[in-house]
Amino acid sequence: MTVAVFLSSLLGFMAFGMPIAFALILTAAVLMWYLGFWDVQLLAQNLLAGADSFPLLAVPFFILAGELMNAGGISRRIIAMAQAYFGHLRGGLGYVAIAAAVLLASMSGSALADTAALATLLLPMMRQRGYPVHSSAGLVAAGGIIAPIIPPSMPFVIYGVVTNTSISQLFMAGLVPGLIMGAGLIIAWTLIARSFTEPTPPKASAAERRRVLIDGAAALMLPVIIVGGLRFGIFTPTEAAVVAAVYALAVSTLLYRELSWSDLMETLTRASRTTASVMFLCAAATVSAYMITLAQLPDEIGAMLGPLADHPRLLVLAIMLLMIAVGMVLDLTPTILILAPVLAPIAIKAGVDPVYFGVMFVLIGSIGLITPPVGTVLNVVGGIGKLRMEVLVRGVMPFFLIYLGIVFLLIAFPSIVTVPLAWLR
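Residues numbered from 1 in each chain as written. Predicted model: local features only at pLDDT ≥ 70, side-chain atom pairs only at ≥ 80, totals over all residues. Heavy atoms only, no water.

Caption draft 1: Inspection of the overall build of the protein chain at higher detail. For the protein chain, the count of helices and strands is 22 helices and 0 strands. The C-alpha radius of gyration computed for the protein chain amounts to 22 Å, which stays within 12% of the reference 22 Å derived for 425 residues, consistent with globular compactness. Seen through its C-alpha atoms, the protein chain measures out along the principal axes to roughly 70 × 45 × 45 Å. Relative to its 425 residues, the protein chain shows a buried fraction of 54%. (Helix = DSSP H or I, 4+ residues; strand = E, 2+ residues; numbered from the N terminus. Rg over C-alpha atoms; globule rule 2.2 N^0.38 Å. Buried < 20%, exposed > 50% of the residue type's maximum accessible area, 1.4 Å probe, protein only.)

Here is the structure:
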């Protein structure tokens with residue numbers, strides 16, 4: 001009965017168009033009333049406690065790092081490097097998009113920031129080259145969602161905080177799945193590009209490749225610094241976010257000198273607005289999570305999934321299928337904040353590695369960013385490219401199927417995710 005009260009309240013408030021953060025707070029109030037006690041002060045205390053978290057400080061700094069990369073020329077140089085090395089291939093700009101997506105993912109951790117950079121710079125070039133518009137847009141959208149998987153990942157930070165899972169281990173566990181996603185996109189794009197008839201540009205000279213590599217070397221150092229610092233215990237994930245933001249600011253202003261004072265103020269404003277919405281959502285989710293715990297919601301759902309408790313892989317499969325459905329109507333951050341505190345304890349109780357489950361949870365939630373009707377990343381690509389949703393859905397479908405195949409691969413062989421953790425542990 002508690003599950004029904006929770007779902008009907010949350011979905012009901014959202015159906016009336018209420019912002020998710022307020023819907024979570026009111027759902028917590030409904031649960032409090034249902035459990036027979038009422039204390040507004042308790043709601044306020046948990047709302048403040050939800051934002052008062054040291055690990056969550058990583059969120060604003062990763063958001064700022066992504067904004068600085070786009071405004072300061074770092075993203076553009078990454079794409080220029082990929083174009084110099086892969087642009088001469090048939091369908092070469094597609095490989096450029098994939099390579100740039102992987103490299104940008106290792107710097108910002110934000111799917112929306114990476115997608116905006118890729119779409120703004122590459123979609124016009126792909127159109128000019130004569131690529132099918134739907135395939136180009138689908139590839140850019142599919143490449144953008146690698147960002148939440150390869151470290152540093154803002155969704156991993158949020159997941160780690162709400163489930164008390166090691167953020168450093170989540171970061172390292174995301175490396176291999178993220179690279180597999182990139183390889184999957186290469187396979188899909190190779191099959192699509194076989195039908196292309198456009199003339200390929202000449203191969204970049206060795207001098208040109210060397211020039212763009214030197215020009216982008218400072219940008220390439222950022223993921224090395226972050227992953228190396230985490231691996232050798234030099235700094236925590238929160239400190240890594242600060243390092244990323246400061247490094248991006250220094251490179252943009254002192255080295256590349258493309259970030260003016262007015263641009264910096266605009267960048268800080270955009271980052272502040274995004275941070276405010278995300279942090280308020282996290283605070284509201286803490287209120288809801290507190291009441292979910294008091295109502296013993298995980299135990300009730302765990303009893304429903306009881307027959308699968310002795311079969312961890314089937315349990316993970318069932319949860320992932322549920323996540324695919326949820327991802328069609330919820331953005332990634334609300335999905336993590338609402339469902340992770342409920343589903344993670346069930347999976348861990350069944351013997352599933354908590355870090356592995358976290359990677360799979362965020363992976364499925366990220367795929368939801370390219371599924372209609374919400375599809376936040378699809379909307380970003382559509383807005384920049386001025387494309388209708390049906391065109392975007394048609395273009396992203398081959399890459400969506402590839403990603404589903406990767407999900408089933410990781411469910412069948414969880415060691416792909418867990419074995420690399422030995423490097424950190």
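What follows picks up the thread again.
Caption draft 2: Expanded view of the layout of surface pockets. Reported here for the largest pocket is a volume of approximately 620 Å³. Forming the walls of the largest pocket are 29 residues, and the residues nearest its centre are Leu112, Met154, Thr274, Val278 and Asp331. Among the secondary structure elements, those contributing two or more residues to the lining of the largest pocket are α4 (58-71), α7 (111-129), α9 (154-163), α15 (261-294), α18 (332-349) and α20 (376-385). In terms of residue count, α4 provides more of the lining of the largest pocket than any other element does, 5 residues in total. Within the lining of the largest pocket, the residues separate by chemical class into 19 nonpolar, 8 polar and 2 charged. In terms of lining, the second largest pocket is formed by 20 residues, of which the most central are Phe6, Leu7, Leu322, Val326 and Leu339. If you list the elements that add at least two residues to the lining of the second largest pocket, you get α1 (2-15), α16 (297-304), α17 (312-327) and α18. Examining the composition of the lining of the second largest pocket, we find that 6 residues originate from one element, α1, more than from any other. Grouping the amino acids of the lining of the second largest pocket by side-chain chemistry returns 20 nonpolar, no polar and no charged. (1 Å grid on protein atoms, 1.4 Å probe; cavity = no way out; pocket = protein on both sides within 12 Å on 5 of 7 lines; lining within 4 Å. Points joined across faces, edges and corners; volume = space filled by probe spheres on them. Nonpolar A, V, L, I, M, F, W, Y, C, P; charged D, E, K, R; others polar.)

Caption draft 3: Molecular detail of the pattern of salt bridges. All told, the structure shown has 7 salt bridges when counted by the stated rule. Taking the shortest distance from any N to any O, the salt bridge between Arg270 and Glu67 comes out at 3.0 Å. Of the two residues, Arg270 is situated in helix α15 and Glu67 in helix α4; the sequence distance between them amounts to 203 residues. The salt bridge involving Arg77 is made with Asp215; its shortest N-O contact spans 3.1 Å. With Arg77 in helix α5 (residues 74-86) and Asp215 in helix α12 (residues 206-215), this pair connects stretches of sequence that are 138 residues apart. (Salt bridge = Lys/Arg side-chain N within 4 Å of Asp/Glu carboxyl O.)

Caption draft 4: How the structure looks around the packing of aromatic side chains. Counted according to the given criterion, the structure contains 5 aromatic pairs. Judged by centre distance (5.6 Å) and plane angle (45°), the rings of Tyr159 and Phe361 are tilted. With Tyr159 in helix α9 and Phe361 in helix α19 (residues 354-367), this pair connects stretches of sequence that are 202 residues apart. When its relative accessible area of 0% is taken as the criterion, Tyr159 is described as buried. A residue is classified by how much of its surface remains accessible, and Phe361, at 0% relative accessible area, is buried. Taken together, Tyr159, Phe357 and Phe361 form an aromatic cluster joined through their ring pairs. (Phe/Tyr/Trp six-rings, centres within 6.5 Å; stacked < 30°, edge-to-face > 60°.)

Nothing here speaks to function; it is geometry throughout.
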